Amino acid sequence: MSEGPQMVSLAGLSKGFGADDTRVEVLKDLDFEVEKGRMMAVVGPSGVGKSTLLHIIGLLDRPDDGRLELDGREVGGLGGEARAHLRNRMIGFVFQHHYLLDELDALDNVALPLRIAGSNAATARARGRELLESVSLSERAHHFPDQLSGGEQQRVAVARALAMEPDLLLADEPTGNLDRANSEAVFDLVRELHLKAGLTSIIVTHDEEMARKCDGIFRLAPAGENFDHV
Amino acid sequence: MSAELHLARRYLVGLRRRTHVATVTLISMVGLGLGVLALVVTLSLLEGFQASIREEIVARATHARVTPSEGRRLHDPAKLASVLQEKLGDVELVEVVRGTCLVSSFIDAVPASVIGRSDALEVGVDRILAARLQIGSGEDISVISPRQRLTVMGPLPVRAQAQVSRVVSPEPGSQEGSVRLPLEMAQRLLWGEAVVEAIELRDESDPWRLGARVRAALGPDADALRVESLEDLHRPLLLALAMERVMIFVAVGLMLVVAALNLLCNVAMVAAEKRVDLAVLAGIGLPPKALRRLFLLLGVGIGLVGSTIGAVVGVSTALVLDESGALPLPRGVFSFSSVPFRVEPEMVALVMVVALLLAAAASWLPSRMVARREPAEGLRYE
């Protein structure tokens, strides 16, 4: 497997939902590693636990069992405040839906992680403008999400994910709601920013073509079955 | 401005962008606003009536009374009066005796209080006694004392014949009629000698503190004397007024509690509706404590806007009703011509603080719910 320093390292990870008879094991005894600086695609059939895996890596959810290390540090046992701090400083998220806040314009959405980190409004907005420029949306800074196209919304979401210059970018089917042209544009943008910023990226996708453009593909199989790591 | 304050403000300002959330929020604001309005108007009305009662007490009653701590007669009242006058300066000071006598007219005879005052130059009866005896100014009355004197015909009650010069207002809180006599006449009736039972004082400029000033003026002599302040003299009435205010505050304040429960439901609804937004906020690093603060700020923000509007409308309503005299009262029943309102700034501030505390309490439960949720829960079913 990989030989360089690991950004993400999972060992014996299990996660299920529900209780007793209705319990569904989604991930079972899963090992997973991503080397620093790589862009890894995670593929697999629907319901196999791709998003759940991403949520656990992104500290949005807790595993039932297993060990999770980010950048060599065990983070599975951290409390809510420490996890939030790591999400803010270390991890950028891009979701399938843009998940921009309707009440904020594009600029405020992008600047929000900086505001959460404690930056003042002026600094956060200045950085937000730079980021919007990097995704070619400076002229849309004061548009609200419902005034942007799907592709633009997703580009704003990418800009927001990179606001804190994270080490790790997690994208959950970032082009799932876009047409072909927009999908390619958003993926190329993510790829470009990944290379430019030297990020480690994990991208959940159904799109084989897109997966092939990544540095590696992790094929997730239903819990208990084998999976491939290409 | 912290991120959560920025977000709470944008949520409140941005509510117009989401009709459903905006509607429930508006309902919460209106609920709290109406509660505050009702409380402010009701308490202003109550304060108006109570202030009138207090003003009447101050205008007509004794502000402080000095009596002997043992027995009924004051030792050397002239000296005591002179000491008080010297130390207290410009206060009204009256020597008084009191007792109960049978007062009769041609129509009827009833027991009544007899008050002999050194400042009374003529005989007066209060309206209660005048009504009972069916008399007015210029008519004769007999005042028959329980004290007896021995005559050739055996013991006979001491009595005095007098002409009523005027009909006066009864003493505040008095239920039985009274007759006011010059001090010497009352002393003859009640004691048969120049006894003074009390020195009563009035100070229009500072009536509520006169009792304390008298105690201070008397110094060590106060031990042999009993000094009653205005508050002591009317304690049951003042206590009843205070109790009335508390009970009305609690009863009408229940409206605020209902409004706060409504706010709780609405904030919980916003929390459910904004589930994904909250998960995303947590995802980009907003800590659980900040999420909790965000919802507290939302609740308090709704409370602040609602209660401020309610207070402004309530205060304006009370002032307009008071100034315009739009609610007239029957003359003869009340001493004022229209329903009085009096707005006390402290009372308005208290109502607003209570409304804000209730709003904060109402948002506490949803805020706790939101803060405990794992961010992925909000995203999972989307």
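Residues numbered from 1 in each chain as written. Chains lettered and ligands numbered in written order. Predicted model: local features only at pLDDT ≥ 70, side-chain atom pairs only at ≥ 80, totals over all residues.

What about the overall build of chain A?
When you go through chain A residue by residue, the secondary structure sums to seven helices and 10 strands. Its C-alpha radius of gyration of 17 Å places chain A within 12% of the 17 Å reference for a compact globule of 230 residues. Principal axes of the C-alpha set define a box for chain A whose edges measure 50 × 40 × 40 Å. A burial count over chain A gives 49% of its 230 residues as buried. In chain A, once contacts between residues fewer than 6 apart in sequence are set aside, the share between residues at least 24 apart is 72%. (Helix = DSSP H or I, 4+ residues; strand = E, 2+ residues; numbered from the N terminus. Rg over C-alpha atoms; globule rule 2.2 N^0.38 Å. Buried ≥ 20, exposed ≤ 12 C-beta atoms within 10 Å, placed from the backbone. Contact = placed C-beta atoms within 7 Å.)

A short note on the overall build of chain B
When helices and strands are tallied, chain B shows 12 helices and 10 strands. Taking 21 Å as the expected radius of gyration for a compact globule of 382 residues, we find that chain B reaches 32 Å, considerably beyond that expectation. Counting all 382 residues of chain B, 39% fall into the buried class.

Some remarks on the packing of helix α8 (residues 235–273) of chain B against helix α11 (residues 345–372) of chain B
All names here are of chain B. Their axes nearest at 8 Å, the elements α8 and α11 cross at an angle of 30°. Here α8 is positioned roughly parallel relative to α11, judged by the angle of their axes. For the element pair α8 and α11, the recorded crossing hand is right-handed. For the pair α8 and α11, the contacting residues are Gly253, Leu256, Val257, Ala260, Leu261, Leu263, Leu264, Val267, Ala268 and Ala271 in the first and Val354, Ala355, Leu358, Ala359, Ala361, Ala362, Ser363, Leu365, Pro366, Met369 and Val370 in the second. (Axes fitted to C-alpha atoms, helices over the stretch in contact; angles between N-to-C directions. Parallel < 35°, antiparallel > 145°, perpendicular 65-115°, else oblique. Left-handed = near helix turned anticlockwise from the far one by under 90°.)

Quick look at the interface of chain A and chain B
Facing 24 residues of chain A, the contacting portion of chain B comprises 23 residues. Every element with two or more residues in the side of chain A that touches chain B is listed here: α2 (80–90) and α3 (106–117) of chain A.

Topic: helix α5 (residues 150–161) of chain A
Residues and elements named next belong to chain A. For α5, spanning 12 residues, the distance from its first C-alpha to its last is 17 Å, which sits close to the expected 16 Å at 1.5 Å a residue. Among the 12 residues that make up α5, 11 are buried, leaving the element largely enclosed by the rest of the structure. Within α5 the residues assigned to the buried category are Gly151, Glu152, Gln153, Gln154, Arg155, Val156, Ala157, Val158, Ala159, Arg160 and Ala161. The inward-facing, buried residues of α5 abut β6 (91–94), α3, α4 (121–134), β7 (168–172) and α6 (180–197). (Expected span 1.5 Å × (residues − 1).)

So, the sheet that holds strand β4 (residues 65–70) of chain A
All names here are of chain A. In space, the four strands of this open sheet follow the order β2-β1-β4-β5, with antiparallel pairing throughout. Single-partner strands in this sheet number two, and they are β2 (24–35) and β5 (73–74). Seen against the sheet, helix α1 (residues 50–57) touches β1 (6–17), β2 and β4 and runs at an angle of roughly 125° to β1. (Pairing = 2+ DSSP bridges.)

Some words on the packing of α3(A) against α5(A)
Residue and element names in this part refer to chain A. Closest axis-to-axis distance for the α3/α5 pair is 7 Å, and the angle between their directions is 25°. Between α3 and α5, the angle falls in the class roughly parallel. The element α3 and its partner α5 pack so that their crossing is right-handed. Counted together, Ala106, Asn109, Val110, Leu112 and Pro113 of α3 and Val156, Ala159 and Arg160 of α5 form the full contact between these two elements. Broken down by class, the residue content of the contact of α3 with α5 amounts to six nonpolar, one polar and one charged. (Nonpolar A, V, L, I, M, F, W, Y, C, P; charged D, E, K, R; others polar.)

Let's talk about unusual backbone geometry
The phi torsion at A:Leu59 lies on the positive side, around 60°, for a residue other than glycine. As for its position among the elements, A:Leu59 is in the loop between α1 and β4. Judged by the 28 C-beta atoms lying within 10 Å of it, A:Leu59 is buried. For B:Asp76, which is not a glycine, the phi torsion comes out positive at approximately 50°. Here B:Asp76 lies in the loop between β1 (64–68) and α3 (77–88).

Side note on the pairing of strand β5 (residues 140–151) of chain B
Residues and elements named next belong to chain B. With three bridges joining them, strand β2 (residues 92–104) and β5 adopt antiparallel strand pairing. Among the inter-strand pairings, Ser104 is bridged to a residue of β5, identified as Ser142. As judged from the nine bridges shared by β5 and strand β6 (residues 154–163), these two strands associate in the antiparallel manner. Paired with Thr151 across the strands is Gly154, a residue of β6. What sits between the antiparallel neighbours β5 and β6 is a turn of two residues.

Considering the environment of B:Val179
All names here are of chain B. When you line up the elements, Val179 lands in strand β8 (residues 178–182). Take Val179: there are 24 C-beta atoms within 10 Å of it, and that puts it in the buried class. Remark: the alpha-carbon pair of Val179 and Leu32, spanning 147 residues in sequence, is separated by 53 Å. In this structure Val179 touches Val103, Ala112, Val114, Val123, Val125, Leu129 and Val143, once residues within four positions along its chain are discounted.

A short note on the environment of B:Trp191
By the secondary structure assignment, B:Trp191 is in the loop between α5 (183–190) and β9 (198–202). Separated by 94 residues in sequence, B:Trp191 and B:Val97 place their C-alpha atoms 9.0 Å apart.

Some points on the confidence of the model for chain B
Residue and element names in this part refer to chain B. For chain B, per-residue confidence averages 88 on the pLDDT scale, and 97% of positions sit at 70 or higher. For chain B, per-element mean pLDDT is lowest for helix α1 (residues 3–13), which scores 78, and highest for β8, which scores 94. As a predicted assembly, this complex carries a pTM of 0.72 together with an ipTM value of 0.88. (pLDDT = per-residue confidence, 0-100.)

Brief notes about the nonpolar core
Membership of the largest hydrophobic core comes to 121 residues, with the highest contact counts inside it found for A:Val42, A:Val158 and B:Val40. Ranked by the residues each element gives to this core, the list is headed by helix α10 (residues 288–324) of chain B, at 11 residues. Filtering out sequence-adjacent residues up to four positions away, A:Val158 remains in contact with A:Val94, A:Val135, A:Val186, A:Leu189, A:Val190 and A:Leu193. In this structure, B:Ile128, B:Ala198, B:Val214 and B:Leu230 belong to the second largest nonpolar core, which totals 41 residues. (Core = buried A, V, L, I, M, F, W, Y, C linked by C-beta atoms within 7 Å.)

Quick word on α1(B)
Of the positions making up α1(B), those classed as buried are B:Ala3, B:Glu4, B:His6, B:Leu7, B:Ala8 and B:Tyr11. Residues of α1(B) that are buried make contact with α3 of chain A together with α10 of chain B.

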